[in-house]
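# Analysis of the macromolecular model
Listed here are the chains, written in short residue letters.
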Amino acid sequence: MCGIVGYVGARPALDVVLAGLKRLEYRGYDSAGVAVLADGGLATARKAGKLLNLEKELAERPLSTGPTGIGHTRWATHGAPTDTNAHPHLDNAGRVAVVHNGIIENFACLRAELAERGHELSSETDTEVVAHLLAEEFSSCADLAEAMRLVCRRLEGAFTLVAVHADEPDVVVGARRNSPLVVGVGDGEAFLASDVAAFIAHTRSAIELGQDQVVELRRGGVLVTGFDGRPADVRSYHVDWDASMAEKGGYDYFMLKEIAEQPKAVADTLLGRIDASGSLTLDEVRIGASELREMDKVVIVACGTAFHAGLIAKYAIEHWTRIPCEVELASEFRYRDPILDPRTLVIAISQSGETMDTLMALRHAREQGSKVLAICNTNGSTIPRESDAVLYTHAGPEVAVASTKAFLTQLVACYLVALYLGQVRGTKWGDEIQAVVRELSRSSQDVERVLDTMEPVRALARSLAHKGTVLFLGRHVGYPVALEGALKLKELAYMHAEGFAAGELKHGPIALIEEDLPVVVVVPSPRGRSVLHDKIVSNIQEIRARGARTIVIAEEGDETVVPYADHLIRIPATPTLLQPLVATVPLQVFACELATARGNEVDQPRNLAKSVTVE
Ligand code: M6R
């Protein structure tokens, strides 16, 4: 949520900041703004709407720029998405500019205090108070980093702040608490950003900022301290992807590119995790085998698409390890006093590694003594940093708001964890593990084959663009796939879409069926537990008898479904538990094409942001 960029170096800051904001626009697109140091003062521009609006404004009214600047792309929390509420926010003298991500919970009382002292605040945001407080502190200490430390100690809530002051034109200062901020270190230049994507074109050398830390950036280097002023230990790392991976690469949308990258993402996530003997070697899982053997419960916490990956993981974990597994929305988890102890393994799944609800859930779990294993796609992010162990997915940067390749790689990681638990606990024989691993290794090619046959799915999606509702049904692991298909359609096509467990139909949802209503049905393999297959074939007949237009996703060779399918989407035959890896792909393509046909912005759906860093 909200993208932040800061730069100090030798280049024109405005260019660097705007290019960085372009890469971060997926984080929020309600407004955008910049502040650059020039001619002894601050020059700013802010505009409601997408970054394009700001660029137009700058084309009409160019800013002169020095080599220091900050920028922001906003996902609105406090105050409507207007020009006035757009960041950066300034103090009354126009000497300090600040950009912010998060929520300052005590802003109302700080605002009242400031008003009493004669400050005039012009926006409805919580952020503006920080600009005024910084100006006050700076007037006595004449040191922006110190002013930031003093102000941060007074703030409650979650925040990333980045500020500049006209009286310290070679300095950018950042601070973070419960909200992401990374430092990029170049040759004679330094960057601050919510995500490395903002500076990856300039440097792949990054520093993680810890909780409650302030960073001071100068051309010659970077200084990190705690809010208390004590020097902090810093962890540097090398970003293992490059700028080309965060570009569209000839595709119209990032989402299309990311869907197409799935075979590679799946293969990369398996890479190096299986040794020559076929055993799993999950080096990053730093929870000892003996501890894992002691676990008597697994709890998975996640949000949105990652939650759906967790729902699928439950089937694999319970089947392969016989450990009870609960899956919970991270946003609900800690508010119901869950039963946790040192024998509970908590798995937190997150693409971004910054989702606030998931972060809070894992903190709660660790406070109760549970071990937390993160499954994450973003190196250096907060969730893996605060977990006991991490298994990174290797999907590469996912820019489109709708999660696709991250989901498939989360599934792969979950299967690996489930098998690993089976391996260390001895509930799976080595040859059984190897058999599943062989199937998993094939899944990358299977996904490729699905992608090669998507033209009819795209045509079908276009033909349904005028519809108001689409329902999705599944059983067993097909149920979370149905939920994921519905979520994709909601977020991209803004249509009423719902996923149901097919067995629940007769308990209510069947009343929704009417003439020509599109219903997508994910059919389990007839080769697996055939009872599942037979039951869903009956469900298809029931809805078809009531007028539904059935869109059936079934594996190659399953002829039983043919008479009942108005549209048949074939997927390669896979073991039942692994079917989501191939069954989800047509649903991603379907949602993307339908959204495009409706004229929606595929990569930046309305009201959404890629990374949800507020609760
Ligand atoms: O970064 P995370 O995986 O923690 O994000 C969780 C959800 O916000 C995310 O999956 C969201 O549901 C996607 N936009 C769905 O496509």
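Residues numbered from 1 in each chain as written. Predicted model: local features only at pLDDT ≥ 70, side-chain atom pairs only at ≥ 80, totals over all residues. Heavy atoms only, no water.

## What about the pairing of strand E10 (residues 190–193)?
Residue alternation in E10 divides its side chains into two sets, Ala190 and Leu192 and Phe191 and Ala193, and both sets are buried. One ladder, built from 4 bridges, connects strand E1 (residues 3–8) with E10; its direction is antiparallel. Residue Tyr7 lies in a different strand from E10, and its bridge partner there is Phe191. Where strand E9 (residues 182–185) meets E10, 4 bridges bridge the pair, whose relative direction is antiparallel. Along E10, the bridge assignment pairs Val183 with Leu192. (Buried < 20%, exposed > 50% of the residue type's maximum accessible area, 1.4 Å probe, protein only. Helix = DSSP H or I, 4+ residues; strand = E, 2+ residues; numbered from the N terminus. Pairing = 2+ DSSP bridges.)

## Quick notes on the sheet that holds strand E11 (residues 205–208)
Strands sit in the order E3-E2-E4-E1-E10-E9-E11-E14 across an open sheet of 8 strands; the sheet is antiparallel. Two strands close off the open sheet at either side, each with one partner strand: strand E3 (41–48) and strand E14 (235–238). Along the sheet, successive strands turn relative to each other by an average axial angle of 20°, direction set aside. Here helix H1 (residues 13–24) sits on the sheet and contacts E1, strand E2 (31–38), strand E4 (68–74) and E10; the angle it forms with E1, its principal contact strand, is near 155°. Across the face of the sheet, helix H2 (residues 51–60) comes into contact with E2 and E3 while running at roughly 130° to E3. (Axes fitted to C-alpha atoms, helices over the stretch in contact; angles between N-to-C directions. Contact = heavy atoms within 4.5 Å.)

## Thoughts on the site of the ligand
If you check the shell around the ligand, you find 14 residues, and the closest are Ser350, Gln351, Ser352, Thr355 and Glu491. Here Thr355 contributes a side-chain N or O atom positioned 2.4 Å from an oxygen atom of the ligand. Here an oxygen atom of the ligand sits 2.3 Å away from a polar atom, N or O, in the side chain of Glu491. Calculation on the ligand without its partners gives an accessible area of 410 Å², and the protein chains cover 91% of this total. Mapped by element, the contributors of at least two residues to the shell around the ligand are helix H9 (304–321) and helix H16 (478–493). Of the residues in the shell around the ligand, the class split is 5 nonpolar, 7 polar and 2 charged. (Near = heavy atom within 4 Å. Polar contact = N/O pair within 3.5 Å; in protein donor to acceptor, adjacent residues only side chain to side chain. Areas by Shrake-Rupley, 256 points an atom, 1.4 Å probe, with all protein chains shown as cover. Nonpolar A, V, L, I, M, F, W, Y, C, P; charged D, E, K, R; others polar.)

## Notes on helix H14 (residues 430–452)
Counting along an α-helix, one turn takes 3.6 residues, and residues three or four places apart therefore face a common direction. With 23 residues, H14 should cover 33 Å at 1.5 Å per step; its first-to-last C-alpha distance of 34 Å lies within 8% of that length. Along H14, the sharpest kink reaches roughly 35°, centred on Ser443. Summarising the contacts, the buried residues of H14 are in contact with helix H6 (254–260), helix H7 (262–270), H9, helix H13 (405–425), strand E24 (567–571) and helix H18 (580–597). (Expected span 1.5 Å × (residues − 1). Bend = angle between axes of the 7 residues up to and from the residue.)

## Digging into the packing of aromatic side chains
A full pass over the atoms with the stated rule returns 4 aromatic pairs. Look at Phe191 and Phe199: their rings are 5.7 Å apart centre to centre, the planes differ by 35°, and that puts the pair in the tilted class. One exposure class covers both Phe191 and Phe199, and it is buried. Measuring from ring centre to ring centre gives 6.1 Å for Trp320 and Tyr415, while their planes differ by 55°; the resulting arrangement is tilted. Placement of the pair is Trp320 in helix H9 and Tyr415 in helix H13, with a sequence separation of 95 residues. Neither Trp320 nor Tyr415 differs from the other in exposure class; each is buried. (Phe/Tyr/Trp six-rings, centres within 6.5 Å; stacked < 30°, edge-to-face > 60°.)

## Section: the nonpolar core
As a rule of thumb, soluble globular proteins bury nonpolar side chains together. If you look at the biggest cluster of nonpolar residues, it comprises 127 residues, and the most contacted ones within it are Val34, Ile347, Phe472, Leu489 and Phe590. Counting residues per element, this core draws most heavily on H13, at 14 residues. Core analysis: the next-biggest nonpolar cluster, separate from the first, contains 29 residues, Leu110, Leu114, Leu133 and Val173 among them. (Core = buried A, V, L, I, M, F, W, Y, C linked by side-chain atoms within 4.5 Å.)

## Digging into the UniProt feature "domain: Glutamine amidotransferase type-2" (unreviewed entry) in the protein chain
The UniProt feature table records "domain: Glutamine amidotransferase type-2" (unreviewed entry) at residues 2–220. End-to-end, the C-alpha atoms of residues 2–220 are 28 Å apart, and along that stretch the chain is 25% helix and 33% strand. (UniProt positions renumbered as here; feature names shortened; annotations may be inferred.)

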